Amino acid sequence: MIDSRPVCDYEGSNYQAEFWGQGQREYEERAEQIALKALLPKQGRWFLELGAGAGRQTPLLAAFDHVVLMDYSRTQLGQARARLGDDGRYTYVAANVYNLPFAPAAFDGAMMVRVLHHLVDAPAALKEIRDVLAPHGVFVLEFANKQNWKAILRYLLRRQNWNPFSPEPVEFEKLNFDFHPRAVRQWLAGAGFKVEHQRTVSHFRLGLLKRLLPATVLAAADALAQPTGNWLQFSPSVFVQCAVAGEPDGEVKEIKEMRELFRCPICKSGLQSQPAEMQCVNCGRRWGFKDGIYDFKEELS
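Residues numbered from 1 in each chain as written. Predicted model: local features only at pLDDT ≥ 70, side-chain atom pairs only at ≥ 80, totals over all residues. Heavy atoms only, no water.

Asker: Please provide a residue-by-residue account of the overall build of the protein chain, values included.
Answerer: The helix and strand tally for the protein chain stands at eight helices and 13 strands. Compactness check: the protein chain gives a C-alpha radius of gyration of 19 Å against a globular reference of 19 Å for 301 residues, within 12% of the reference. The principal-axis extents of the C-alpha atoms in the protein chain amount to approximately 60 × 40 × 35 Å. Residue pairs in contact within the protein chain that sit at least 24 positions apart in sequence constitute 68% of those at least 6 positions apart. Approximately 14200 Å² of the protein chain is accessible, and the part contributed by carbon and sulfur atoms is 51%. The distance from the centre of the 36 positive side-chain charges to the centre of the 35 negative ones in the protein chain is 6 Å. (Helix = DSSP H or I, 4+ residues; strand = E, 2+ residues; numbered from the N terminus. Rg over C-alpha atoms; globule rule 2.2 N^0.38 Å. Contact = heavy atoms within 4.5 Å. Areas by Shrake-Rupley, 256 points an atom, 1.4 Å probe, with all protein chains shown as cover. Lys, Arg positive; Asp, Glu negative; His and termini not counted. Charge placed at Lys NZ, Arg CZ, Asp CG, Glu CD.)

Asker: Outline unusual backbone geometry, supporting the account with residue identities and numerical values.
Answerer: We note that Ser202 has phi near 65°; this positive angle belongs to a residue other than glycine. A positive phi angle, close to 70°, is found at Lys268, a residue other than glycine. With respect to the secondary-structure elements, Lys268 resides in the loop between strand S9 (237-244) and strand S10 (271-274).

Asker: Describe the pattern of salt bridges, naming the residues involved and giving the relevant values.
Answerer: For the structure on display, the rule yields 19 salt bridges. Ionic pairing is found between Asp86 and Arg81, a salt bridge with its closest N-O pair at 2.9 Å. Asp86 sits in the exposed class, given a relative accessible area of 51%. The exposure class assigned to Arg81 is partly exposed, which follows from its relative accessible area of 27%. One salt-bridge network, held together by shared partners, links Asp9, Glu11, Arg74, Asp295, Lys297 and Glu298. (Salt bridge = Lys/Arg side-chain N within 4 Å of Asp/Glu carboxyl O. Buried < 20%, exposed > 50% of the residue type's maximum accessible area, 1.4 Å probe, protein only.)

Asker: Give a detailed account of the sheet that holds S9, specifying residues and quantitative values.
Answerer: The strand order across the open sheet formed by eleven strands is S8-S9-S5-S4-S1-S2-S3-S13-S12-S11-S10, and the pairing between neighbours is mixed. With partners counted over all chains shown, the strands left at the sheet margins are strand S8 (193-201) and S10, one partner each. Neighbour-to-neighbour, the strand axes of the sheet open up by a mean angle of 20°, direction not taken into account. In this sheet, strand S3 (residues 90-94) lies alongside strand S2 (residues 64-71) in parallel orientation, the contact comprising five bridges. Bridged to Val68 within S3 is Thr91. The sheet strands contacting helix H3 (residues 74-84) are S2, S3 and strand S13 (293-295), and the helix crosses S3 at an angle near 170°. (Pairing = 2+ DSSP bridges. Axes fitted to C-alpha atoms, helices over the stretch in contact; angles between N-to-C directions.)

Asker: Got a sec to walk through the packing of helix H2 (residues 26-39) against helix H8 (residues 215-225)? Specific residues and values, please.
Answerer: In contact at an axis separation of 9 Å, H2 and H8 are set at 35° when each is read in the N-to-C sense. Crossing geometry of H2 relative to H8 is assigned as right-handed. For the pair H2 and H8, the contacting residues are Glu26, Tyr27, Arg30, Ala31 and Ile34 in the first and Ala215, Thr216, Leu218, Ala219, Asp222 and Ala223 in the second. (Left-handed = near helix turned anticlockwise from the far one by under 90°.)

Asker: Lay out helix H6 (residues 181-191) with the relevant residues and their values.
Answerer: For H6, the set of buried residues is Pro181, Ala183, Val184, Leu188 and Ala191. The buried residues of H6 occupy an angular sector of 160° when the element is viewed end-on, so they sit on one face. Those residues of H6 that are exposed and aimed more than 90 degrees away from the buried face are Gln186, Ala189 and Gly190. Where H6 terminates, the next one or two residues include Gly192, which has phi positive at roughly 105°. (Arc of directions from axis to C-beta.)

Asker: An account of the nonpolar core is needed here, citing residue identities and associated values.
Answerer: Counting residues in each nonpolar core, the largest one holds 50 residues, and the members touching the most others are Leu50, Val97, Phe102, Phe107, Met112, Leu116 and Phe139. Listed by contribution, the elements that provide at least two residues to this core are strand S1 (44-50), S2, strand S4 (107-112), helix H4 (122-131), strand S5 (133-144), H6, S9 and strand S11 (277-280). Among the elements that make up this core, the one with the highest residue count is H4 (five residues). Filtering out sequence-adjacent residues up to four positions away, Leu116 remains in contact with Ala122, Leu126, Leu141, Glu142, Phe143, Phe179 and Val184. By size, the runner-up hydrophobic cluster in this structure holds 28 residues, among which are Ala35, Leu36, Leu218 and Phe239. (Core = buried A, V, L, I, M, F, W, Y, C linked by side-chain atoms within 4.5 Å.)

Asker: A description of the packing of aromatic side chains should follow, citing residues and the corresponding values.
Answerer: One pass over the full model with this rule turns up twelve aromatic pairs. Between Tyr10 and Tyr15 the ring centres are 4.9 Å apart and the planes differ by 65°, which places this aromatic pair in the edge-to-face class. Residue Tyr10 is classed as partly exposed on the basis of its relative accessible area of 26%. With 4.7 Å between their ring centres and 65° between their planes, Phe47 and Phe64 make a pair best called edge-to-face. Separated by 17 residues along the polypeptide, Phe47 in strand S1 and Phe64 in strand S2 bring together distant segments of the chain. The pair Phe47 / Phe64 is uniform in exposure class, with both members buried. Here the aromatic cluster, defined as three or more aromatic residues joined through ring pairs, consists of Phe102, Phe107, Phe262, Trp287, Phe289, Tyr294 and Phe296. Positioned above the aromatic ring of Tyr98 is the side chain of Arg5, whose terminal nitrogen or guanidinium carbon lies 4.2 Å from the ring centre. A cation over a ring is seen here: Lys297 above Tyr72, with NZ or CZ 4.5 Å from the ring centre. (Phe/Tyr/Trp six-rings, centres within 6.5 Å; stacked < 30°, edge-to-face > 60°. Lys NZ or Arg CZ within 6 Å of the ring centre and 35° of its normal.)

Written as structure tokens, this is what we have:
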């Protein structure tokens, strides 16, 4: 059956324009791009962008031969497709991060930015991601940090009741979580990743500073502070570069054609392709392809 864990669904929303398109988060966007440029692999064949949304960060992946944009929202993927087109480099996939529809070790790189904070079971999602990455593949993860300086100050002034230093996640709104950096590192290790670099991002996310100083100045200052994330994490956002640890259990087959990429998200068996759908060779479930999007969000009836 389809996974029953709740998922934050941006279906039907205009998130890209409303959240990012009005200029109020130019500093945050510039700071994130600085971090990603420092942490992303410099080249590769297959890259998976989890929670790709409308493709805001996808242009940073120009060094990869094939980029798979995955999101739970078909609406967001439609916006990404309108922006990026169908030139063959991009593949658009609607799917649940708890049940990824990809072959084992299919990708040599992946990233997930502004997604983990929506997940009720982050360790399970990280294990799914690990399974679709090739040996020594690189994974770049962003998470919302509960141990940020504003939360610490509020806690010390007794203006919030949750402890920013404790390891458990805090759900400050429904399906919106902040995580402790130590807990995230433990989950990554448990999933089979080795943390290689950490960057703290958006150090100056304060309304007053954003009104007084240009975004370019704040981003330049952020760039200087980001490498300190290898030792201290007190910013609201943390980016982590990880590598797949260990060696594969068996032979890893390189993906050469699109039909080799997909697996049934439920039973992980191969799929038989037809013009407008794919069917699992084992459990018989059927999955659609419509408007340029491979749809594993809901099985066909």
